[in-house]
Amino acid sequence: DVEEHVLGVDGLCVRHADGPRGKGAAERSTGALPGAGARRRDRHHGPAAPAAPVLARYRLRMSVSPALDRLLVRAEAVARAAVAAAGAVGLRHWRHLDRVETKADGSPVTVADREAEAAALAVIREAFPDHGILGEEGGSHGAGPFRWVVDPIDGTAGYARGGRNWGPLVALEHEGESVVGAL
């Protein structure tokens, strides 16, 4: 018997099974998805829509309790809400920037980056005040087994020039392994 739950990034799932690793053992993996240009075929209806984009294939094995499963499902909703909040800020500033600054590492940063990170972190802190945070603009805060990683505007250089290929990225790590992500 295998029960499957989709958590976070497309294709990331938890499989609970009574098998060789014991009752209730869990395996997290991304499925082998066809490439972005690939098409899948439906046996009865001919060609179908383009398949989902390819995700890196990896496996994370850990014992998962029902409480942790519930936390991860909640974390996925929070990650999506944080991305939505950061994206709304980014859209408000898109193509309306007065200036672009340069960080010490030579990468660009805008007021939109800082405000979008603040919006995403407000959503995360409201739901998980005891989790650690690593923000691209604000650095690292807090410690513990859970840490949120936030890039408020991935693609800032293009964003600052008015380009369309940008967006917020939010992920949750548990003991150093990514377990939930949203973009």
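What comes next concerns the included structure. Remember, predicted model here, so these are calculated numbers, not experimental data.

1. Considering the environment of valine 123
In this structure, valine 123 sits in helix H2 (residues 111–127). Judged by relative accessible area, valine 123 falls into the partly exposed class, the value being 24%. Sequence separation between valine 123 and valine 78 is 45 residues, and the spatial gap between their C-alpha atoms is 6.9 Å. Residues contacting valine 123, with those up to four places away along its chain left out, are Val78, Ala81, Ala82 and Ala85.

2. Concerning the sheet that holds strand S11 (residues 146–154)
Spatially, S10-S9-S11-S12-S13 is the arrangement adopted by the five strands of the open sheet, whose pairing is mixed. Looking at strand neighbours, the two that pair on one side only are strand S10 (139–141) and strand S13 (177–182), the edges of this open sheet. Sheet twist, expressed as the average angle between the axes of neighbouring strands with direction ignored, equals 20°. Inspection of the sheet shows strand S9 (residues 132–135) paired to S11 by four bridges, in the parallel sense. Residue glycine 132 lies in a different strand from S11, and its bridge partner there is arginine 147. Where helix H1 (residues 66–93) meets the sheet, it contacts S11, strand S12 (167–174) and S13, and its direction lies at approximately 155° from that of S12. In this fold H2 packs onto S9, S10, S11 and S12, with an angle of close to 150° to the strand it touches most, S11.

3. So, the nonpolar core
If you look at the biggest cluster of nonpolar residues, it comprises 29 residues, and the most contacted ones within it are Leu72, Ile124, Phe128, Trp148, Val170, Leu172 and Val180. Listed by contribution, the elements that provide at least two residues to this core are H1, H2, S11, S12 and S13. At ten residues, H1 tops the list of elements feeding residues into this core. When sequence neighbours within four positions are dropped, the list of residues in contact with tryptophan 148 reads Ala75, Val78, Ala79, Ile124, Phe128, His131, Gly132, Ile133, Leu134, Val170, Ala171 and Leu172.

4. Quick word on the pairing of S11
Both S11 and S12 contribute to a ladder of seven bridges, which runs antiparallel. If you follow aspartate 151 over to S12, its bridge partner there is leucine 169.

5. Side note on the pairing of S9
The pairing of S9 with S10 spans three bridges and is antiparallel. Across the sheet, isoleucine 133 pairs through a bridge with histidine 141, a residue of S10. Taking the residues between adjacent antiparallel strands as the criterion, S9 and S10 are bridged by three residues.

6. Considering H2
Between the first and last C-alpha of H2 there are 25 Å, a value that for 17 residues agrees with the 24 Å anticipated at 1.5 Å per step. For H2, the complete set of buried residues consists of Ala112, Asp113, Ala116, Glu117, Ala120, Leu121, Ile124 and Ala127. Take H2 and look down its axis: the buried residues cluster within an arc of 155°, on one side only. Where H2 is buried, its residues touch H1, strand S8 (108–109), S9, S11, helix H3 (156–160) and S12. Its side-chain oxygen at 3.2 Å from the backbone nitrogen of alanine 112, threonine 110 defines the N-terminal cap of H2.

7. What about the environment of aspartate 105?
Inspection of the secondary structure assignment puts aspartate 105 in the loop between strand S7 (101–102) and S8. Separated by 2.6 Å, the side chains of aspartate 105 and serine 107 make a polar contact.

8. Observations concerning the side chain of histidine 131
Relative to the assigned elements, histidine 131 resides in the loop between H2 and S9. Residue histidine 131 is classed as buried on the basis of its relative accessible area of 9%. At a separation of 3.0 Å, a polar atom in the side chain of histidine 131 contacts the side chain of tryptophan 148. In contact with histidine 131, other than residues within four places in its own chain, are Leu71, Phe146, Trp148 and Leu172.

9. Digging into the pattern of salt bridges
Enumeration according to the criterion identifies seven salt bridges in this entry. One salt bridge connects arginine 80 with glutamate 76, and the closest N-O pair in it is separated by 2.7 Å. You can see arginine 80 and its partner glutamate 76 sitting in helix H1, four residues apart, about one turn around the helix. Taking the relative accessible area as the measure of exposure, arginine 80 reaches 51% and is therefore exposed. Looking at glutamate 76, the relative accessible area reads 12%, which means it is buried. Across the pair glutamate 101 and arginine 99 runs a salt bridge whose closest N-O atoms are separated by 2.8 Å. For arginine 99, a relative accessible area of 57% gives the class exposed.

Conventions and cut-offs
Residues numbered from 1 in each chain as written. Predicted model: local features only at pLDDT ≥ 70, side-chain atom pairs only at ≥ 80, totals over all residues. Heavy atoms only, no water. Helix = DSSP H or I, 4+ residues; strand = E, 2+ residues; numbered from the N terminus. Buried < 20%, exposed > 50% of the residue type's maximum accessible area, 1.4 Å probe, protein only. Contact = heavy atoms within 4.5 Å. Pairing = 2+ DSSP bridges. Axes fitted to C-alpha atoms, helices over the stretch in contact; angles between N-to-C directions. Core = buried A, V, L, I, M, F, W, Y, C linked by side-chain atoms within 4.5 Å. Expected span 1.5 Å × (residues − 1). Arc of directions from axis to C-beta. Polar contact = N/O pair within 3.5 Å; in protein donor to acceptor, adjacent residues only side chain to side chain. Salt bridge = Lys/Arg side-chain N within 4 Å of Asp/Glu carboxyl O.

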